[in-house]
Structures are given as C-alpha cells and as structure tokens.
Amino acid sequence: MSHVLEVCKKRRSIRKYLDIPVEWDKVVQILDAGRYAPAAGNLQSWKLIVVTDPGQKRQLAEAALKQYWIEEAPMIFVICAKEERMVNYYGERGKQYLLQGIATMAENMMLTATDLGLGTCWVGAFDEDKVAEAVGCPARARPHLMITIGYSEERVPVPPRETFESRIYLSKYNNRIKNLNLVLWDWSLQMEDSAREGKAKAEKLWDKLKAKVKHHKDEIKNRMKKEGVDTE
Ligand SMILES: Cc1cc2nc3c(=O)[nH]c(=O)nc-3n(C[C@H](O)[C@H](O)[C@H](O)COP(=O)(O)O)c2cc1C
C-alpha cells in the first residue's frame, strides 16, 4: 500500500493530548508541508499563527463554542486568510478557491503530523470575532480554521466511511461502480484482494480447527485421568 494512503488511513481526529510539548523541528516540517500545498494561481493567501500560550489557548477554547478540550493541546494553529486578494484575481469564485486552498494546506499539515507520530484535530466550529481577537487577526483577514497538535493520549477507532459504491461514479453522476478493480481492468489488484480474503478465511478456519482439536485433546486427557491412566 502507498505510504501516503497508509498515513491517510492512520490519521484520526485527536481530542486528548499528553502534556508533552511538540518538538520545534517537527513543527517546522508540518508548516513546510502546508507551504507546499496546491493553491489557486499559487497565491497562497493564508497566514498561520502558532499558539502555545495557555491564556490564549483558553481564549480559543472559549471561542470554539466552549470546546475546552482544545486548550489541553500543547499547540494550536490558527489559519487566517484575506478574501479580498482572491476576489480581486478571480471574482466571486475566488472565495471558493480561498477555502479550497486552506483545506489542502490543512490536510497536508495534518498528514505530515500523523506521519511524525503526532495527533491533530481540525476545529471549524468557533466564533470568528473571538478567535480574531485572541490572535490579533486584523479586520481585512478572517480566521478560517484551527488545528490542534500534540501527542495523543487516546486511541480512536476508525469512524465508519462510506463505501466506494455509494460515493464514486464512473463517467456520469450515479453510474455506480461495484468493483473498481474490475472496471479498471486491474486483474492483479483483484487477485490480490481475493488472495487476501482467502488467506484471512483460511486463517480463521485453521484457528477454529486448532481450538476444536485442543478441546477434544483436553477432554480425552481428562477422561484418562479420571480412569487413572498416566497422561504425562
Ligand atoms: C470542516 C471541519 C470542521 C470540523 N470541526 C470540528 C470541531 O469544531 N470540533 C471537533 O471536535 N472536530 C471537528 N472536525 C473533525 C471531524 O469531527 C472529524 O474529522 C470527523 O468526525 C471524522 O473523524 P476522523 O477525522 O477521525 O476521520 C471538523 C472537521 C472538518 C473537516
């Protein structure tokens, strides 16, 4: 499996953090990943504020509709952006581009953090004015999202994801794909999948068989013991 796909699957929203600061060399790598995200016209109209101060973190938690767990994160990124510049270049569509650009850089950073062993959570529910006040964001810009970062104190199960069939279409809306590998004529992937499934089934069967044999062996041993036969 692609390493990037592995990291995509490994990333979880983390809302409980250990009281350990994040190493600066890791922070720099995460920020760098954000810089390399695609951006409409390569305009990169965002600004990012790194927050570690406990008082500010409390203010941000309050602003985030009282999601107090966020102040326990050792670090919070606040991402702000100026809409005006994007609208000057692209008209109304510029507003969409701005949000799309922020989302790509945010995901780049969260995946890099995951790969470096850190937990993150996207925080989008907040009072913009209160967040702006906490980080001194000027009126010409707006805070768009926050990301908490730190070492996770929890193991979060994978939340259910929609199936390929229900979300991915081929050529036309609603043209569902039952088996993507077969549609794309990729028999090797299909065979790999079938072999994996077969192996898992065989292993399950083998475990069942071993348990049954052990059960019968124990039963025979017990009976022999009862009848005074030395089983050692
Ligand atoms: C636009 C957006 C806003 C979000 N806002 C919040 C938030 O305010 N608080 C929170 O705890 N999680 C927030 N999340 C995280 C989602 O709840 C989370 O991604 C989702 O439940 C799937 O879980 P996963 O990230 O572990 O795959 C947000 C995610 C996105 C993309």
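Summarised in this report is the structure supplied together with it. (Residues numbered from 1 in each chain as written. Predicted model: local features only at pLDDT ≥ 70, side-chain atom pairs only at ≥ 80, totals over all residues.)

This part takes up the overall build of the protein. Across its full length, the protein holds nine helices and four strands. Starting at the N terminus, the α and β elements of the protein follow one another as α-α-β-α-β-α-α-β-α-β-α-α-α. The globule rule puts the C-alpha radius of gyration for 232 residues at 17 Å, and the 26 Å found for the protein is more than 25% above it. Based on the C-alpha atoms only, the size of the protein along its principal axes is roughly 90 × 50 × 30 Å. Evaluated residue by residue, the protein yields a buried proportion of 22% over its 232 residues. Residue pairs at least 24 apart in sequence account for 73% of intrachain contacts in the protein once pairs closer than 6 positions are excluded. (Helix = DSSP H or I, 4+ residues; strand = E, 2+ residues; numbered from the N terminus. Rg over C-alpha atoms; globule rule 2.2 N^0.38 Å. Buried ≥ 20, exposed ≤ 12 C-beta atoms within 10 Å, placed from the backbone. Contact = placed C-beta atoms within 7 Å.)

Turning our eyes to something else, we now look at the environment of Cys-137. Looking at the secondary structure, you find Cys-137 in the loop between α6 (128–135) and β4 (142–150). A residue is classified by how many C-beta atoms lie within 10 Å of it, and Cys-137, with 19 of them, is partly exposed. The spacing of Cys-137 and Val-78 is 59 residues in sequence and 9.7 Å in space, taken between C-alpha atoms. Non-local contacts of Cys-137, meaning those with residues more than four positions away in its chain, are made with Cys-80, Ala-132 and Pro-143.

Note on placement: Ile-177 falls in the loop between α7 (164–167) and α8 (180–183). In this structure, the C-alpha to C-alpha distance between Ile-177 and Phe-164, residues 13 residues apart in sequence, is 7.4 Å. Leaving out residues up to four positions away in the same chain, Ile-177 has contacts with Phe-164, Glu-165, Ile-168, Tyr-169, Leu-170 and Val-183.

As a further point, take the sheet that holds strand β1 (residues 46–51). Reading across the sheet, the four strands line up as β1-β2-β4-β3 and stay open at both edges, with antiparallel pairing between neighbours. Two strands close off the open sheet at either side, each with one partner strand: β1 and β3 (119–123). Taking the axes of each pair of neighbouring strands and ignoring which way they run, one obtains an average angle of 20° across the sheet. Pairing geometry for strand β2 (residues 75–81) and β4, over seven bridges, is antiparallel. Bridged to Ile-79 within β4 is Leu-145. Docked against the sheet, helix α3 (residues 54–63) engages β1, β2 and β4, running at close to 120° with respect to β1. (Pairing = 2+ DSSP bridges. Axes fitted to C-alpha atoms, helices over the stretch in contact; angles between N-to-C directions.)

Now for the site of the ligand. For the ligand, the full set of nearby residues is Arg-12, Ser-13, Arg-15, Gln-67, Cys-121, Trp-122, Val-123, Gly-124, Ala-125, Val-156 and Pro-159. Classifying every residue of the shell around the ligand gives six nonpolar, three polar and two charged. (Near = placed C-beta within 6 Å. Nonpolar A, V, L, I, M, F, W, Y, C, P; charged D, E, K, R; others polar.)

Quick look at the nonpolar core now. Counting 38 residues, the largest nonpolar core has Leu-60, Ile-79 and Met-146 as its most contacted members. In this view, Ile-79 contacts Trp-46, Leu-48, Ile-102, Ala-106, His-144 and Leu-145; residues no more than four positions away in its chain are not counted. (Core = buried A, V, L, I, M, F, W, Y, C linked by C-beta atoms within 7 Å.)

A regular strand carries its side chains on alternate faces of the sheet. The buried fraction of β2 amounts to seven of the seven residues, a majority that puts the element mostly inside the structure. As defined by bridge partners, β1 adjoins β2 across six bridges and the pair is classed as antiparallel. Among the inter-strand pairings, Ile-49 is bridged to a residue of β2, identified as Val-78.

On to unusual backbone geometry. If you check the backbone angles, Ser-171 has positive phi at about 65° while not being a glycine. Looking at where Ser-171 falls in the secondary structure, it is placed in the loop between α7 and α8. Ser-171 gets classed as exposed once you count the C-beta atoms within 10 Å, which come to 6. Phi is positive for Asn-174, close to 80°, though the residue is something other than glycine. For Asn-174, a count of 5 C-beta atoms within 10 Å gives the class exposed.

The next point concerns the packing of α3 against α6. At a minimum axis separation of 8 Å, α3 and α6 run at an interaxial angle of 170°. On the basis of their axis angle, the class for α3 and α6 is roughly antiparallel. When α3 is examined against α6, the residues Gln-56, Gln-59, Leu-60, Glu-62 and Ala-63 are found in contact with a partner set consisting of Lys-130, Val-131 and Ala-134. Looking at the contact of α3 with α6, its residues break down into four nonpolar, two polar and two charged. (Parallel < 35°, antiparallel > 145°, perpendicular 65-115°, else oblique.)

Attention now moves to α3. Every buried residue of α3 is accounted for by Lys-57, Leu-60, Ala-61 and Ala-63. Looking straight down α3, one finds that the buried residues subtend no more than 160° of arc, so they occupy a single side. Where α3 is buried, its residues touch β1, β2, α6 and β4. (Arc of directions from axis to C-beta.)

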